[in-house]
Amino acid sequence: MLSRIVPGFMVRWFARPYVAGESLAAALDVAAARWKDGSLRATLDLLGEDVTEAAQVDRNVATYLRMIDAVAADDRYGNGGSRPSISLKPSAFTIGEREAACDPVRKLAERAHERGVALTIDMEDQRWTDLTLDLCVEFQGRGFDVGAVLQTRLHRTEGDLGRFAPGARVRLVIGIYPEPEDVATTDKRVMKERMLAYSKTLLDRGVFVEFATHDVEFLERFVREVAPAAPDRCEVQLLLGVPRKKTATRIREGDLGPALPVRLYIPFALGWDQATAYLRRRMAESPSTMWLVLRNVFKRS
Ligand code: FAD
């Protein structure tokens, strides 16, 4: 409720630390700077999901094609192995039926495969789960470097773990979308214990696990309790704007267990209208986030 009445300029002010900028070039520069300064890998994400006009779908497809080409051509990463990956949300590619998103997403996955750029299909609310996982499994079966995301709040997720073959890439998150109790747990602690348990199961299956959370306790437990079994198939993922520098350094340098790569998820927008819409949605979905943002803003000032 509060998120709807906060004026746009204030949302924009809150959003600043969480959004890399208003252009693809700005996002690429932030990614390259984080790589240079702290050896952090990056995942770029265009803010533009839940579109309402066909022109926005076309603009999203065009921007993602540009992103793929720009990442492939970016020569700031030495041998290229640590170039950014790209995340997308299927809802950015349809204004009607969910299935209409499949063809644009296939087009992007094919382009990314041709250019040797890694892609991850973010997970949205549970209406999207089947379609999104089907696409990921299809692309992985075609040999594309396309990662999936599993939300541990959903009860179905334990059953979905078995869909991934050795070598597949899976990001584990608790999930940001509130879901009804018949399909999901509402107990955050349970969601996070599931992150640890499911990451063990995935590693046992030969899957590459991307452990994505802001929670320092669980990041440390992942490194200590899970990663030693297969450190070459583990990565930790953090979000731009959530201050986790010390933890990231300790994880990368092996202070807590095996040294693991750390990747920063870097959202950017084409204009602040889209960024503020994104943050309003996030605030509405998770009012606690708004208070965290406020707290961070005041801490910084
Ligand atoms: P919380 O339990 O919410 O918080 C842990 C700690 O971090 C607390 O101390 C809290 O005070 C602090 N904190 C929390 N938020 C902030 C903030 N904004 N700023 C500063 N401090 C904060 N969700 C999906 O549904 N689909 C996805 O595809 C997806 N991809 C993700 C990718 C990455 C790289 C990351 C990091 C998250 C992604 N998520 C995704 C969101 C994930 O589900 C959230 O991280 C989650 O909802 C928040 O829970 P948490 O367990 O990370 O942290």
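Residues numbered from 1 in each chain as written. Predicted model: local features only at pLDDT ≥ 70, side-chain atom pairs only at ≥ 80, totals over all residues. Heavy atoms only, no water.

1. Observations regarding the overall build of the protein chain
What counts is decided by this rule: Where helices and strands are cited, they refer to DSSP runs of H or I of at least four residues and of E of at least two residues respectively, numbered from the N terminus. The buried label goes to any residue with under 20% of its type's maximum accessible area, the exposed label to any with over 50%, and the partly exposed label to all in between, with areas taken from a 1.4 Å probe on protein chains only. Note on contacts: a residue pair qualifies if any of its non-hydrogen atoms lie within 4.5 Å across the two residues.
Counting secondary structure elements, the protein chain contains 12 helices and 8 strands. Within the span of the protein chain, comprising 301 residues, buried residues form 53% of the whole. If you take every contact in the protein chain between residues at least 6 apart in sequence, the share linking residues at least 24 apart comes to 75%.

2. Some thoughts on the packing of helix H4 (residues 54-73) against helix H5 (residues 102-115)
The test is simple: Axis definition: a line fitted to C-alpha atoms, limited for helices to the stretch in contact. Angles are taken between N-to-C directions and run from 0 to 180 degrees. Angles are sorted into four bins: roughly parallel if under 35 degrees, roughly antiparallel if over 145, roughly perpendicular if 65 to 115, and oblique for all others.
Interhelical geometry of H4 versus H5 gives an angle of 10° and a closest axis separation of 10 Å. Taken together, the axes of H4 and H5 lie roughly parallel to each other. In contact with Val61, Tyr64, Leu65, Ile68, Asp69 and Ala72 of H4, H5 contributes Pro104, Lys107, Leu108, Arg111, Ala112 and Arg115.

3. What about the site of the ligand?
Note the following rule: Residue proximity to a molecule or strand is established when one non-hydrogen atom of the residue lies within 4 Å of it. Any pair of N or O atoms that falls within 3.5 Å is considered a polar contact. Within protein, one atom must be able to donate a hydrogen and the other to accept it, and sequence-neighbouring residues count only if both atoms are side-chain atoms. For every accessible area listed, the method is Shrake-Rupley and the probe measures 1.4 Å; residues are considered covered only by the protein chains on display.
Around the ligand, a shell composed of 26 residues is seen, among which Met123, Lys188, Lys192, His214 and Arg244 lie nearest. In this structure, an oxygen atom belonging to the ligand sits 2.9 Å away from a main-chain N or O atom of isoleucine 176. Here arginine 244 contributes a side-chain N or O atom positioned 2.9 Å from an oxygen atom of the ligand. When the ligand is considered free in solution it has 950 Å² of accessible area, and contact with the protein chains removes 84% of it. Of all the elements in the fold, those that place two or more residues in the shell around the ligand are strand E4 (146-151), strand E5 (169-173), helix H8 (188-204), strand E7 (234-239) and helix H12 (287-300).

4. A few points about helix H3 (residues 24-38)
How we decide: Helices are assigned an expected span. That span is 1.5 Å times one less than the residue count.
Between its terminal C-alpha atoms H3 stretches 21 Å, which fits the 21 Å expected from 15 residues at 1.5 Å a residue. Residues of H3 that are buried include every one of Leu24, Ala27, Leu28, Ala31, Ala32 and Gly38, and no others. Close packing links the buried residues of H3 with strand E1 (41-46), H4, helix H10 (245-253) and strand E8 (262-268).

5. A few points about the sheet that holds E7
The following threshold applies: Being paired, for any two strands, means DSSP has found at least two bridges between them.
Around the barrel, 8 strands lie side by side as E1-E2-E3-E4-E5-E6-E7-E8; this closed barrel has parallel pairing. Mean inter-strand twist for the sheet, computed between neighbouring axes without regard to direction, equals 30°. In the packing of helix H9 (residues 216-226) onto the sheet, contacts are made with strand E6 (208-212) and E7, and the angle to E7 comes to roughly 170°.

6. Here's the deal with the pattern of salt bridges
For the record, the criterion: We define a salt bridge as a contact between a side-chain nitrogen of Lys or Arg and a carboxyl oxygen of Asp or Glu at a distance within 4 Å.
If you walk through the whole model with that rule in mind, you get 26 salt bridges. In this structure, arginine 127 engages aspartate 125 in a salt bridge whose closest nitrogen and oxygen atoms are separated by 2.8 Å. When its relative accessible area of 16% is taken as the criterion, aspartate 125 is described as buried. Two residues, glutamate 220 and arginine 224, come together in a salt bridge whose shortest N-O distance is 3.6 Å.

7. A closer look at the packing of aromatic side chains
Rules: Stacked, tilted and edge-to-face pairs are distinguished by plane angle, under 30 degrees for stacked and over 60 for edge-to-face with tilted covering the rest, among Phe, Tyr and Trp rings (Trp via its six-membered ring) whose centres lie within 6.5 Å. Two conditions define a charge located above a ring, namely a distance within 6 Å from the ring centre to NZ of Lys or CZ of Arg, and an angle within 35 degrees of the ring normal.
Summed over the entire model, instances satisfying the criterion amount to 4 aromatic pairs. Summarising the aromatic geometry, the rings of tryptophan 35 and tyrosine 77 are spaced 6.1 Å apart at their centres and angled 40° between planes, so their arrangement reads as tilted. One end of the pair, tryptophan 35, is in helix H3; the other, tyrosine 77, is in the loop between H4 and strand E2 (85-88), and 42 residues separate them in sequence. Judged by its relative accessible area of 23%, tryptophan 35 is partly exposed. Looking at tyrosine 77, the relative accessible area reads 4%, which means it is buried. The ring of tryptophan 128 has arginine 98 lying over it, and the distance from NZ or CZ to the ring centre is 5.9 Å.

8. Examining H4
With 20 residues, H4 extends 29 Å from end C-alpha to end C-alpha; this agrees with the ideal 28 Å at 1.5 Å per step. Residues of H4 that are buried: Val57, Asn60, Val61, Thr63, Tyr64, Leu65, Met67, Ile68 and Val71. Structurally, H4 contributes buried residues whose contacts are with H3, E1, E2, H5 and E8.

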